[in-house]
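Below are the chains, spelled out letter by letter.
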Amino acid sequence: MNQGGDLSDPRSVEQVVIEIVARSLERTTDEVTLNSRFWGELDAESLDMLDIIYALERRFRIRMPRLNLLQRAVDLFGEDVIIKGGIVTERGIELMRVSMPEVPAEWMKPGMRIYDFRKVITVGSFVRVVERCLEAVDKLRCSRCGGQPEGVEMTLRCTGCGMPIELPSGEQLLVQDLRIYAQRLSPPLVEVQTGLRDEA
Ligand SMILES: [Zn+2]
């Protein structure tokens, strides 16, 4: 394994993600494409997924989200709006389609069960999340002097004043993006007030 966060690597994010996935699942890079699905195709297990996430975090010096997007959408917009009777609602499908543009739209159909949702997660989905996290790191500036961060192991530090800069949370990025995507639907999805929702 590398020391983490080797960003001088000229290979593309796509190539690196494919290599990490292939290595974790003991496959050749020829067997893994951006459209490969983790479940039902690459036969990944939950532990493999964690292994891949850790490897990506170290490799790119990012903090990946852990929760799946559908669960986050339920938290934000309400259980009944996104899922009804174990089935992803039409609104839920719409939101997932705009939020996961790398997944062919026809893979997500109304009537889809919650359990089937994870089957649409592709290697390309991980590429999207990694790129999203890298973009956030790129925009980070020191809150004290405005300096740019530089990476040291799994942390960032301001090149101007040396102050440590926290890595953006993948969870928070994911939530931010879901809110933006929800606004693009017509009509837009309305966020529920957490804590006030009926948990019956
Ligand atoms: Zn600074």
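The structure displayed is predicted, hence computed values, not measured ones.

**Here's the deal with the overall build of the chain**
- Secondary structure assignment for the chain yields eight helices and five strands.
- Along its sequence from the N terminus, the chain presents helices and strands in the succession α-α-α-α-β-β-α-α-α-β-β-β-α.
- Scaling as 2.2 N^0.38, a compact globule of 200 residues should have a C-alpha radius of gyration of about 16 Å, and the chain matches this with 18 Å.
- Dimensions of the chain along its principal axes, counting C-alpha atoms only, are 50 × 45 × 30 Å.

**What to know about the environment of E131**
- Here E131 is to be found in helix α7 (residues 123-139).
- Using a count of 16 C-beta atoms within 10 Å as the deciding quantity, one classes E131 as partly exposed.
- Along the primary structure E131 and N35 are separated by 96 residues, whereas in three dimensions their C-alpha atoms are 16 Å apart.

**Brief notes about the sheet that holds strand β3 (residues 149-152)**
- Read from one edge of the open sheet, three strands run β3-β4-β5, paired in antiparallel fashion. Strands at the two margins of the open sheet, each flanked by one partner only, are β3 and β5 (164-165).
- In this sheet, β5 lies alongside strand β4 (residues 155-158) in antiparallel orientation, the contact comprising two bridges. Looking across to β5, one finds that R157 is bridged to P164.

**A word on helix α3 (residues 69-77)**
- Regarding α3, the residues found buried are L69, L70, A73 and F77. Projection of α3 onto a plane perpendicular to its axis shows the buried side chains occupying an angular sector of 100°, all on one side.
- Those residues of α3 hidden inside the fold are in contact with α4 (79-82), β2 (87-88), α5 (90-99), α6 (114-117) and α8 (170-184).

**Considering the confidence of the model for the chain**
- Here the chain averages 91 in pLDDT, while 92% of its residues score no lower than 70.
- No element of the chain has a lower mean pLDDT than α6, at 90, and none a higher one than helix α1 (residues 13-24), at 97.

**What about the nonpolar core?**
- Residues L69, L70, A73, I82, L95 and A182 are the most contacted members of the largest nonpolar core, which totals 20 residues.
- Apart from residues no more than four positions distant in its own chain, A73 is found in contact with I82, G92, L95 and L178.
- Ranked by size, the runner-up nonpolar core spans 17 residues in total, among them V17, I52, L56 and C133.

**Some thoughts on the pairing of β4**
- Residues L156 and C158 point to one face of β4 and are all buried, whereas T155 and R157, pointing to the other face, are not buried.
- Here β3 pairs with β4 via four bridges, running antiparallel. Note on β4: the bridge partner recorded for G151 is L156.

**A word on the environment of P10**
- Its place among the elements puts P10 in the segment before α1.
- With 5 C-beta atoms counted inside 10 Å, the residue P10 sits in the exposed group.
- Spatially, the C-alpha atoms of P10 and K119 are 31 Å apart, while their sequence positions differ by 109 residues.

Basis of the calculations
Residues numbered from 1 in each chain as written. Predicted model: local features only at pLDDT ≥ 70, side-chain atom pairs only at ≥ 80, totals over all residues. Helix = DSSP H or I, 4+ residues; strand = E, 2+ residues; numbered from the N terminus. Rg over C-alpha atoms; globule rule 2.2 N^0.38 Å. Buried ≥ 20, exposed ≤ 12 C-beta atoms within 10 Å, placed from the backbone. Pairing = 2+ DSSP bridges. Arc of directions from axis to C-beta. Contact = placed C-beta atoms within 7 Å. pLDDT = per-residue confidence, 0-100. Core = buried A, V, L, I, M, F, W, Y, C linked by C-beta atoms within 7 Å.

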